[in-house]
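The primary structure of each chain is shown beneath.
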Amino acid sequence: MEIRRVKRPVNTVITTNGTNSAKRYAVRERIGVKYIPGGNPQPIYGKIIGHIIDFKFVPKVSGGSEIQQDNEVYPDLLSWGGAAFLRTVSDDIVADLLEVYDPVKVYTIMAMASLRVLKPNISSNRFSTHYRQSYVSVYYPGASLSKNSISSLLSELGQFSNLTEKFYQKRIARVQKEHHIAIDGTLRQDTSNNNDLSHFSYKARTKGCEEVSVLYAYDIELGEPVCASVFPGNIPDCKAYGEFIRTHNLQRGIIVGDKGYPSSVISEHLGGNKELHYFNPLKRDSAYIAEYDMLKFENCFSVGDDYVLCKKIFIEAENKYLFSFSNVKLSVKEYVTFVSSASKHKNFDYEKFAQKRDVFGLIMFETDMDLSAESAYMVYKSRWKLEVVFGYYKADITENQTNVQTDFAVMGSEFINFISTLLTCRIVEKAQKAGLLKQVTYGSLIDELNMAWRQTKHTPCNVNEKIKFNDPYWIHTTKIALNEMVLLGLVEPDEILSPKSKSKRGRPPKKPIVETDSRIQEQEEKSAVEQAKRPRGRPPKPKDTETKPKLPRGRPRKIIDPQDVKPKRPRGRPKKEVPTVNEPKRPRGRPRKVN
């Protein structure tokens, strides 16, 4: 009955195919009526125009291959905590994917992305096993996760990159004008001989292996990635950045680039767009330092625990602003590191020290915006959130390898990794707001949530329906995991276990005493009773009037009778008395045998 109440186009009917797949409830159009003589008119149904998914009508997407649907029966027990946590932050992602891809394909993409978050470094032949053991199979039913199905899906996602770009454009359209977009890349090992993306990068001389380059655009204010692209490992950063901006048609925001991205090239890539700005770091050997005397700082401020010296100038000829900052803590740290390293290796060079001494802790930026020094420094601080995202991307989602062969498979796999990274950023943000990451690490939190199992018959499929803390349908779930799910909003705490308000430290103050006639009378009666009582403690012993002589100290000596005194025994052991016997001595040696 709930499915039939969902809003859908008029003159349609909902049918079910009896499976647990994403297309279980199909919406068919009613195209006419057939009149039967002597009977009731019968409707004539036409083609399927959409499906009911997550209690919403989703129009059918034309084109694209269909993924085989498997009829699945849910086990009695499934891992619930981690899958439910991911489901709470993925509604808009699923909605955007449903406007681009087929529903079955969307569920397969979300299932793979969720499992890469819950089970880091999962291999292709283990997706199906973990899928059947987790509530991911309930939230995204009918996903085809066999090894061959995954390989086909990754290749198909890479082939139809226009659909991937359509999904990215939906996310880019939500970027607000005043938001900062940081663009940066990372390298992943790829030694395949079957694709053209695998090449030796500039850093490959230290690793000795071929790599691919992955670029991400990151919304600093939202704390999550916006879009991503894959490039060959040997392409320069400035060329990759320009192609990245053109491909995704970035039209607004503030692009925070890398040091290898010069402002002259950035201006060409921006194309004169007034709503798109750049904020680019400069190297410490930049010619601007000596030309504009950027080491003579003009002001100072503090941001949190950082104390910063700053200088800002405007270059009219180039129509841009220069900022120079000197972080006092960073300067002292680099100073100590340089001296300790030279002392350890016995290679102190004064010329090298004098050259670097003035630029210890120096941070320089160029931008086309007129920002205050404090705002510019906060943009720099926020940029490092992208490095944290890459840390989650490499350590907690995938290995530092692609593990696929063809170009299309690499592109498709990186699209799944983008969804996984987006989910990871959101659950990390939610866990930080709940204060959990101050108590446990991110990896420990995911492990503890994965150990929260439930009986499927008594667990609602809608994650917004709260579950009781003392629900009897938990399976070997620890109280630690339950308390974490309470803080995350997944479980509703009981009244007894709800957090109590903290009382103030120390003994509570006494209430003021109001003196009344009755109270004064009670105090007098009490004092009279206390006076009549025996005093506290043991009563003292009465002193004797007669004085007795004191006994001498120590044990008294024994009185010895002189008649009882015996002579002293001589020292040493007494000698034995040997009897004298006149016997012949035995001859020396062994006696001879008598034949």
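Residues numbered from 1 in each chain as written. Predicted model: local features only at pLDDT ≥ 70, side-chain atom pairs only at ≥ 80, totals over all residues. Heavy atoms only, no water.

Turning our attention to a nonpolar patch on the surface. Taken together, the side chains of Tyr307, Leu309, Val328, Val332, Tyr335, Val336 and Val339 present a nonpolar region at the surface, about 610 Å² in accessible area. Those elements that provide at least two residues to the nonpolar patch are β12 (306-315) and α12 (328-345). In terms of residue count, the dominant contributor to the nonpolar patch is α12 (five residues). Along the polypeptide, Val339 turns up in helix α12. (Patch = residues over 30% accessible without salt bridge, like charges linked within 9 Å, V, L, I, M, F, W, Y side chains within 5 Å. Areas by Shrake-Rupley, 256 points an atom, 1.4 Å probe, with all protein chains shown as cover. Salt bridge = Lys/Arg side-chain N within 4 Å of Asp/Glu carboxyl O. Helix = DSSP H or I, 4+ residues; strand = E, 2+ residues; numbered from the N terminus.)

Once that is clear, we can look at helix α3 (residues 103-118). Every α-helical turn comprises 3.6 residues, leaving residues that sit three or four positions apart pointing alike. For α3, which comprises 16 residues, the first-to-last C-alpha distance of 22 Å matches the rise-based estimate of 22 Å (1.5 Å per residue) to within 8%. In terms of residue burial, α3 counts as a mostly covered element, since 16 of its 16 residues are buried. N-capping of α3 is provided by Asp102, with a side-chain oxygen placed 3.0 Å from the backbone N of Val104. (Expected span 1.5 Å × (residues − 1). Buried < 20%, exposed > 50% of the residue type's maximum accessible area, 1.4 Å probe, protein only. Polar contact = N/O pair within 3.5 Å; in protein donor to acceptor, adjacent residues only side chain to side chain.)

In this section: the pattern of salt bridges. Within this structure, the stated rule accounts for 16 salt bridges. Residues Glu318 and Lys320 are paired through a salt bridge, measuring 2.9 Å at the closest nitrogen-oxygen approach. For Glu318, a relative accessible area of 39% gives the class partly exposed. Ionic pairing is found between Glu492 and Lys468, a salt bridge with its closest N-O pair at 3.5 Å. Linking Glu492 in strand β18 (residues 491-492) with Lys468 in strand β16 (residues 467-468), this pair joins segments that are 24 residues apart in sequence.

Turning to the packing of helix α7 (residues 161-172) against helix α16 (residues 407-433), a few remarks are in order. At a minimum axis distance of 12 Å, the contact between α7 and α16 shows a crossing angle of 25 degrees. Relative to α16, the element α7 is oriented roughly parallel. Along this stretch, α7 crosses α16, giving a crossing that reads as left-handed. Residue-level contacts link Thr164, Phe167, Tyr168 and Arg171 of α7 to Phe415, Phe418, Ile419, Leu422 and Arg426 of α16. (Axes fitted to C-alpha atoms, helices over the stretch in contact; angles between N-to-C directions. Parallel < 35°, antiparallel > 145°, perpendicular 65-115°, else oblique. Left-handed = near helix turned anticlockwise from the far one by under 90°. Contact = heavy atoms within 4.5 Å.)

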